[in-house]
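Inside the fold
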Amino acid sequence: MRPELKIEIRPYWENGTVSFIDYELRGQRIKASPDIPMFCRYDEAFGGLCPFPEMDYLEAGDDRGALCYREKEITSFNSGMRCFGYFPERAVEGTLSWRYRAYPRILPEGYRSSPYYDFRAEPGGLNGSGFFSLLLPAAERELDVRLRWDMSSMPRGSRGIFSFGEGTVEKTMKVTELGISLFTVGMVRAVKNDSLGVYYLSEPEFEIRPIAEKLFPIFQYEKNFFHDPDAKFKVFLRRDPFVISNGGSACRYAFLSGYSAFGGFDPEKWFNILIHEMTHTWPYMDDSNVGEGTWFTEGATEYYCTWLPYVGGFLDDDFTVKCLNEKIGKRYYQNPFREMPNMEIPKIQWKERSAQECPYGRGFLYLANTEAQLRRAGKGSIDDIVKQFGWDRPMHPGDWKDFLRERLGQKAVDQFEEMIGGKLLEPDPDIFENRFQVVKDEIELNGQKVLSYHFETKK
């Protein structure tokens, strides 16, 4: 039988927002001993930018009573964040329970946007993610999860919504799926249809409905393309108390997106961000060793979120060319880190934001080139492998190399190795089915004249 995990979440309302949340978790068939942690805390993620929230009153117990424990750092399943295990002083007997109180993050002075998985309040409520609010069981395994909101200390009409459902949720999922989930709680408002919803706490200066209504048919088209007809997607909005915003973070079937309380909202940019993030639902390569899969997960998302709305007839040539020049031109060709190897980028990407953008553009261009090579050779499409994998079954670099070797031979594998090593890519002559004009440029980058390209609509 699978382990069971019951989670009760009790938010408390004060001064127009959520002031803290009490968590109580009860696990059946969860083994723990002085050598095996009961649960874990994930912390200092993304170069230290995303902490676990401040917490208080942490207690653990089982059928015999209270459990004393020690905390120590253990190996994290993901190289981008630290993991701390809580080890009981004796073996756990029967039902394991733990409870604690978590407080919304207080942003440091001068803070600007970073990954949005942190535990943060705003007028109207609070939002965050599983990894940075829940003390989760230690081992990666499937759990029968029952998650319940206790709204007794919240105003009438308050809602608690996770990426996998609203209100009480019962679902079998892996620990990492629970961890990478997103949520919002409070006086939640929404613009939605049957498949896609935008949920927000504070009334923004811009109109949400027109943008959401442009997304509805694109999401329908994409989920049919990826053979996921029952897919539903949630966008949670966050009001940022700083000037530079419009960032966001994704999980499967959901996205947490920020906008600045000081205005300056760009509807077109946000629309593009939302298309990107909802497309993240499907293309996926394992990136536990951060950098190995970033080029694919981000690059394939950029490829499909640009190409599918275009070939589906939702966005025209002019809009698409602007996207290509932003996503490939600016993020890759004009990027000072464009020749940095993939595995070197994570070392600096949260200090040098241009470096963080490089795998997006590099992966996009590389996949578009590979698609052109496959079609020219009559060897199918990258769609053939992308649709075989996803969040439930992640692709690995070896799967990609096997695909290349089978379809295009060893030369394509060598080109892949050159790409991840940082060799500058040039657009394939047949890129994007020759629907756009490719123009060679010379630009100044890092104090030198270098080769570049941009795209134009065909006359």
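The coordinates are above.
I will try to describe carefully the structure that is included in this document. Source: prediction; values computed, not measured. Residue numbers here run from 1 along each chain, matching the order of that chain's written sequence. Note on the predicted model: pLDDT of at least 70 is required for a residue's local features to be given, and 80 or more for side-chain atom pairs to be given and counted; whole-chain, interface and lining totals, by contrast, use all residues. Side-chain metrics rest on all non-hydrogen atoms present in the structure, leaving aside hydrogens and water.

1. Quick look at the packing of aromatic side chains
Going by this rule: Here a Phe, Tyr or Trp ring, Trp counted by its six-membered ring, pairs with any other such ring whose centre lies within 6.5 Å, and the pair is stacked when the planes are under 30 degrees apart, edge-to-face when over 60, and tilted otherwise. Counted as over-ring charges are cases with an Arg CZ or a Lys NZ within 6 Å of the ring centre that also lie within 35 degrees of the ring normal.
Per the counting criterion, the structure on display carries 50 aromatic pairs. The lysine or arginine in question, Arg70, covers the ring of Phe87, its NZ or CZ lying 4.9 Å from the ring centre. Of note, Lys214 hangs over the ring of Phe271, and the distance from its end group to the ring centre comes to 4.1 Å.

2. Things to note about the pattern of salt bridges
Where charged atoms from two side chains of opposite charge come close, those side chains can pair. We apply this condition: Basic side-chain nitrogens of Lys or Arg form a salt bridge, by our definition, when they fall within 4 Å of a carboxyl oxygen of Asp or Glu. Runs of E in the DSSP output that reach at least two residues are strands. Runs of H or I that reach at least four are helices, and both are numbered from the N terminus. A simple rule labels every residue: compare its accessible area, found with a 1.4 Å probe on the protein chains alone, to the largest value its type can have, and call it buried under 20%, exposed over 50%, or partly exposed in between.
Under the definition given, this model contains 38 salt bridges. In this structure, Asp144 and Arg2 form a salt bridge, with 2.9 Å as the shortest nitrogen-oxygen distance. Taken together, the residues span a long stretch of sequence, with Asp144 in strand β12 (residues 142-149) and Arg2 in the segment before β1 (4-14) at a distance of 142 residues. Linking Lys401 and Glu417 is a salt bridge whose minimum nitrogen-to-oxygen distance equals 3.1 Å. Here Glu417 lies in helix α10 (residues 410-420) and Lys401 lies in helix α9 (residues 397-408), a separation of 16 residues in the sequence. Take Lys401: its relative accessible area is 25%, and that puts it in the partly exposed class. A relative accessible area of 34% means that Glu417 is categorised as partly exposed.

3. Regarding the sheet that holds strand β15 (residues 169-174)
Our working definition: Two strands qualify as a pair provided that DSSP identifies no fewer than 2 bridges between them.
Ordered in space as β5-β4-β8-β2-β1-β12-β15, the 7 strands form an open sheet in which the pairing is mixed. Edge positions in the sheet fall to β5 (65-66) and β15, since each of these pairs with one other strand and no more. Of the pairings in the sheet, the one linking β1 to β12 comprises 6 bridges and is parallel in character. Residue pairing across strands places Glu4 opposite Asp144, the latter belonging to β12.

4. So, unusual backbone geometry
For residues other than glycine, phi is negative in most cases, and the peptide bonds are mostly trans. Phi is positive for Arg29, close to 60°, though the residue is something other than glycine. Counting through the fold element by element, Arg29 comes out in the loop between β2 (17-28) and β3 (39-43). Non-glycine residue Tyr253 carries a positive phi angle of around 70°. Classification of Tyr253 by relative accessible area gives buried; the value is 19%.

5. Let's talk about the packing of helix α4 (residues 267-279) against helix α5 (residues 294-311)
Defined as follows: Axis lines are fitted to C-alpha atoms, over the contacting stretch for helices. Their N-to-C directions set the angle, which ranges from 0 to 180 degrees. Here a crossing is called left-handed whenever its near helix is offset anticlockwise from the far helix by less than a right angle, and right-handed whenever the offset is clockwise. Between two residues, a contact is recorded if the distance between any of their heavy atoms is within 4.5 Å.
Between α4 and α5, the least distance of the axes is 8 Å, while the angle of their chain directions is 115°. Considering how the two elements wind past one another, α4 and α5 form a crossing that is right-handed. Residue-level contacts link Ile275, His276 and Thr279 of α4 to Glu298, Thr301, Glu302, Tyr304, Cys305 and Pro309 of α5.

6. Points about the side chain of Thr306
Spelled out, the test is: Here a polar contact is recorded for every N or O atom pair within 3.5 Å, except that within protein the pair must consist of a potential hydrogen donor and a potential acceptor, and residues adjacent in sequence are included only if both atoms are side-chain atoms.
Here Thr306 shows up in helix α5. Only 2.7 Å separates the side chain of Thr306 from the backbone oxygen of Glu302, close enough to count as a polar contact.

7. Concerning helix α3 (residues 209-225)
The test is simple: In a helix, the anticipated span is given by 1.5 Å times the number of residues less one.
For α3, with 17 residues, the first-to-last C-alpha span of 25 Å sits near the 24 Å given by 1.5 Å per residue. Within the span of α3, buried status applies to Ile211, Ala212, Leu215, Phe216, Ile218, Phe219, Glu222, Lys223 and Phe225. Positive backbone phi, approximately 55°, marks His227, located one or two places after α3.

8. Here we look at the nonpolar core
What counts, and what does not: Only buried Ala, Val, Leu, Ile, Met, Phe, Trp, Tyr and Cys residues count toward a nonpolar core, and they belong to the same one when joined by side-chain atoms within 4.5 Å.
Counting residues in hydrophobic clusters, the biggest one holds 76 residues, and the most contacted among them are Leu237, Trp295, Phe296, Tyr304, Tyr366, Trp400 and Phe432. A per-element tally of this core places α5 first, with 9 residues. When near neighbours in sequence (up to four residues on either side) are disregarded, Trp295 contacts Met285, Ala300, Asn342, Pro359, Gly363, Tyr366, Leu367, Trp400, Phe416 and Met419. Residues Ile7, Val18, Tyr111 and Leu147 belong to the second largest nonpolar core, which totals 60 residues.

9. Here we look at the pairing of β12
Because side chains alternate across β12, one face comprises the buried residues Leu143, Val145, Leu147 and Trp149, and the other comprises Glu142, Asp144, Arg146 and Arg148, none of which is buried. As defined by bridge partners, β12 adjoins β15 across 6 bridges and the pair is classed as antiparallel. Note that in β15 the partner of Arg146 across the bridge is Glu170.

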